[in-house]
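Single-letter residue listing:
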Amino acid sequence: KNEVEQSPQNLTAQEGEFITINCSYSVGISALHWLQQHPGGGIVSLFMLSSGKKKHGRLIATINIQEKHSSLHITASHPRDSAVYICAVGSGSRLTFGEGTQLTVNP
Amino acid sequence: DAGVIQSPRHEVTEMGQEVTLRCKPISGHDYLFWYRQTMMRGLELLIYFNNNVPIDDSGMPEDRFSAKMPNASFSTLKIQPSEPRDSAVYFCASSLADAYNEQFFGPGTRLTVL
């Protein structure tokens with residue numbers, strides 16, 4: 001069993017739909033990161049959180065430390081949101097990554 | 001700031017050759033990380049430095065891999081000799097102050113070993 005598991009692995013949505021990507025982890029962590037990797041390969045950090053909820057534009061990330069679970073939500077999805085979304089958990093300075101969720105938003 | 005800079009962006013080499021990947025972190029960042037991404041294994045941490053000192057190299061696959069950070073603005077990841085299974089995208093990232101801060105990733109180096 002992987003230390004970090006994401007679901008779904010692949011997700012296709014229509015423009016405007018509300019999207020949820022889930023991340024579960026099995027180890028103690030100091031922080032959880034959500035990353036976005038575009039088709040060109042570049043990786044961008046979206047959120048880092050250790051409790052509660054964070055919001056940035058149409059993106060919302062939540063974490064439940066007791067349940068060892070985090071969700072990334074995208075409201076009013078757009079084709080430019082198409083990317084791989086990666087959950088990573090930090091234990092000390094190390095990051096352990098999930099396998100990623102490939103999101104495709106169709107116009 | 002230009003962000004994290006990596007070079008080369010693409011490298012094609014033959015098995016047995018030495019490969020050197022380079023990284024310039026964001027100025028003022030104290031932590032530097034080297035990652036490898038493959039289809040089979042996803043993203044993996046290879047090694048990270050704090051204030052130019054290697055802290056954790058447990059992710060370095062074997063002795064063929066070595067990393068150095070001679071100063072705060074430059075790091076190298078060397079593979080010698082290279083093997084086809086080393087083909088991957090290698091990312092460098094840096095962060096400010098402590099590792100609980102957001103990490104900024106470079107564009108990556110796509111390495112192909114024939």
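Residues numbered from 1 in each chain as written. Chains lettered and ligands numbered in written order. Predicted model: local features only at pLDDT ≥ 70, side-chain atom pairs only at ≥ 80, totals over all residues. Heavy atoms only, no water.

Can you help me understand the overall build of chain B in this one?
For chain B, the helix and strand inventory stands at zero helices and 11 strands. Along chain B, helices (α) and strands (β) appear in the sequence β-β-β-β-β-β-β-β-β-β-β when read from the amino end. Considering only intrachain contacts with a sequence separation of at least 6, the fraction spanning at least 24 residues in chain B is 54%. Summed over all atoms, the accessible surface of chain B reaches about 5,700 Å², with 50% contributed by carbon and sulfur. Between the centroid of the 10 positive side chains of chain B and the centroid of its 14 negative side chains there is a distance of 5 Å. (Helix = DSSP H or I, 4+ residues; strand = E, 2+ residues; numbered from the N terminus. Contact = heavy atoms within 4.5 Å. Areas by Shrake-Rupley, 256 points an atom, 1.4 Å probe, with all protein chains shown as cover. Lys, Arg positive; Asp, Glu negative; His and termini not counted. Charge placed at Lys NZ, Arg CZ, Asp CG, Glu CD.)

I keep staring at the pairing of strand E6 (residues 52–56) of chain A and nothing clicks. Help me out?
Note on strand geometry: in a regular strand, side chains alternate between the two faces of the sheet. All names here are of chain A. Of all five residues in E6, zero are buried; the element is thus mostly exposed. Here E6 runs beside strand E7 (residues 59–64); their pairing, made up of five bridges, is antiparallel. Looking at E7, one finds that Lys54 is bridged to Ala61. Where E6 folds back onto E7 in an antiparallel hairpin, the turn is made up of two residues, including Gly57, whose phi is positive at roughly 65 degrees. (Buried < 20%, exposed > 50% of the residue type's maximum accessible area, 1.4 Å probe, protein only. Pairing = 2+ DSSP bridges.)

Just to check I follow, could you spell out the sheet that holds strand E1 (residues 4–7) of chain A for this structure?
Think of a sheet as strands paired side by side through backbone hydrogen bonds, with each pair either parallel or antiparallel. All names here are of chain A. Pairing within the open sheet is antiparallel, and its five strands lie in the order E1-E3-E8-E7-E6. Of all the strands in the sheet, just E1 and E6 have a single pairing partner and so form its edges. Going across the sheet, the axis of each strand differs from the next one's by a mean of 15 degrees, ignoring polarity. (Axes fitted to C-alpha atoms, helices over the stretch in contact; angles between N-to-C directions.)

Would you explain the pattern of salt bridges in this entry?
Where charged atoms from two side chains of opposite charge come close, those side chains can pair. Residue and element names in this part refer to chain B. Scanning the entire structure with this criterion turns up nine salt bridges over all chains. For Arg41, the salt bridge goes to Glu44, with nearest N and O atoms at 2.6 Å. On the basis of relative accessible area, Arg41 is assigned to the exposed category, the value being 57%. Given a relative accessible area of 17%, Glu44 falls into the buried group. Three or more residues are tied together by salt bridges with common partners; here these are Glu62, Arg64, Glu83, Arg85 and Asp86. (Salt bridge = Lys/Arg side-chain N within 4 Å of Asp/Glu carboxyl O.)

Where do I start with the environment of Glu3 of chain A in this structure?
Residues and elements named next belong to chain A. As for its position among the elements, Glu3 is in the segment before E1. Note: C-alpha distance between Glu3 and Tyr25 (22 residues apart in sequence) is 5.4 Å. Discounting chain neighbours no more than four positions away, the residues touching Glu3 are Ser24, Tyr25, Ser26, Val27 and Thr96.

I keep staring at the side chain of Ser71 of chain A and nothing clicks. Help me out?
Residues and elements named next belong to chain A. Along the polypeptide, Ser71 turns up in strand E8 (residues 69–74). A polar atom in the side chain of Ser71 sits 2.9 Å from the side chain of Asn22. Contact partners of Ser71, with chain neighbours within four places excluded, come to Thr20, Ile21, Asn22, Trp34, Ile60, Ala61 and Thr62. (Polar contact = N/O pair within 3.5 Å; in protein donor to acceptor, adjacent residues only side chain to side chain.)

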